[in-house]
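Each chain, letter by letter, is given below.
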Amino acid sequence: AAKIIDGKAIAAEVKAEVAQRVTAFVEKHGRAPGLDVVLVGDDPASQVYVGSKEKQAGTVGIRGAVHRMPSDTTQDALEAKVRELNAARDVDGILVQLPLPKHLDSQRVIDVLEPGKDVDGLTPISTGLLWSDRPGLRPCTPWGCMRLLQHTGVALEGARAVVIGRSALVGKPIAAMLVAKNATVTLAHSRTKDLAARVREADIVIAAVGKAELVRGDWIKDGAVVIDVGINRSASGKLIGDVEYAGAAERASWITPVPGGVGPMTIAMLLSNTVDAAERRASW
Ligand code: NAD
């Protein structure tokens, strides 16, 4: 049976490291690293995420602030807010909470963001740095998945990995991160033919689709590592992943639970990115 990759515990480890780095930063620079989140509108899920980011920033000593803007905010007003935060000296990380209301163009907003403060790792500069193996700010959820893989101690070099899902937020960046670790990566998506066969040959399976139990347990190769990014609701209202857990856990060597696997890592890596950004900016 698979060993469980405990995302809660590993996220707590990351946060403890961040807290230490924050203390050292404050000693050296006389101020706390700052994370500023822009929230447009009143989407209830976004309110919860943003509140949690602000609260967890506080627990590691990062100055967190939320800039709430009304749902009828114009593109110009939002871009002006981002420019203001770009210029603010005590702001190290800027995050524009997505999705934005439909009348706003999120790509254009992200294009305005100062890459040195791009703690979500979503600007074209951050993407370019990632794909060219250069230091930079990495998207938080895939970065957290890499940390979970590292925890297993399983060698990535030469391993066959399948990433299911090709979003700019999760699938594509994790494919880049795995290639950087010398894995042989297949990037599967909605048009992939015979997904089962691609999964059956994989030593590492990353599922980031958003379809409950799409990946069947009997597709998993014996001893594979399974990272399930998906968050779905079952008919009975339970949170379930993209992988059929019980079947996969019989075959895998390591597996993430849902919830309690990838989920807790995202904010931990956001906080880690904020300290990275603060240290880099302070060294300029
Ligand atoms: P998305 O909707 O942007 O992308 C889904 C991807 O899945 C697409 O690239 C699509 O091609 C692929 N896909 C769809 N149907 C498929 C099929 N039948 N077979 C193979 N591929 C298929 O989603 P996303 O933003 O990448 O998020 C994916 C999942 O991860 C969601 O459940 C989301 O809630 C979750 N998520 C979790 C976290 C976290 O844990 N913190 C963060 C981000 C996303």
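Residues numbered from 1 in each chain as written. Predicted model: local features only at pLDDT ≥ 70, side-chain atom pairs only at ≥ 80, totals over all residues.

An unreviewed UniProt entry annotates the protein as Bifunctional protein FolD of Sandaracinus amylolyticus. Per UniProt, the protein has the following entry under Subunit (unreviewed entry): "Homodimer." Per UniProt, the protein has the following entry under Pathway (unreviewed entry): "One-carbon metabolism; tetrahydrofolate interconversion." (UniProt positions renumbered as here; feature names shortened; annotations may be inferred.)

Topic: the overall build of the protein
Summing up its helical and strand segments, the protein has 10 helices and 11 strands in all. Against the compact-globule benchmark of 19 Å for 284 residues, the protein has a radius of gyration of 19 Å, which places it among compact chains. Its C-alpha atoms give the protein principal-axis dimensions of roughly 50 × 40 × 35 Å. When each of the 284 residues of the protein is scored for burial, the buried share is 45%. (Helix = DSSP H or I, 4+ residues; strand = E, 2+ residues; numbered from the N terminus. Rg over C-alpha atoms; globule rule 2.2 N^0.38 Å. Buried ≥ 20, exposed ≤ 12 C-beta atoms within 10 Å, placed from the backbone.)

Digging into the UniProt feature "binding site: NADP(+)" (unreviewed entry) in the protein
Under the feature "binding site: NADP(+)" (unreviewed entry), the UniProt entry names G165, R166, S167 and I231. Turning to its location among the elements, R166 is positioned in the loop between β5 (160-164) and α7 (171-180). For R166, a count of 17 C-beta atoms within 10 Å puts it in the partly exposed group. Sequence-distant contacts of R166, that is, excluding residues within four places in its chain, are made with G171, K172, L187 and H189. Tracing the sequence through the fold places I231 in the loop between β8 (225-228) and β9 (232-233). (Contact = placed C-beta atoms within 7 Å.)

Considering the site of the ligand
Taken together, 25 residues sit near the ligand, with G165, S167, H189, S190 and G210 positioned nearest. Grouping the amino acids of the shell around the ligand by side-chain chemistry returns 11 nonpolar, 12 polar and two charged. (Near = placed C-beta within 6 Å. Nonpolar A, V, L, I, M, F, W, Y, C, P; charged D, E, K, R; others polar.)

Here we look at the environment of R251
When you line up the elements, R251 lands in helix α9 (residues 245-251). Overall, R251 belongs to the partly exposed group, with 18 C-beta atoms counted inside 10 Å. A sequence separation of 29 residues divides R251 from D222, and the C-alpha atoms of the two residues are 4.8 Å apart. Discounting residues that sit within four places of it in the chain, R251 has contacts with G217, I220, K221, D222 and A224.

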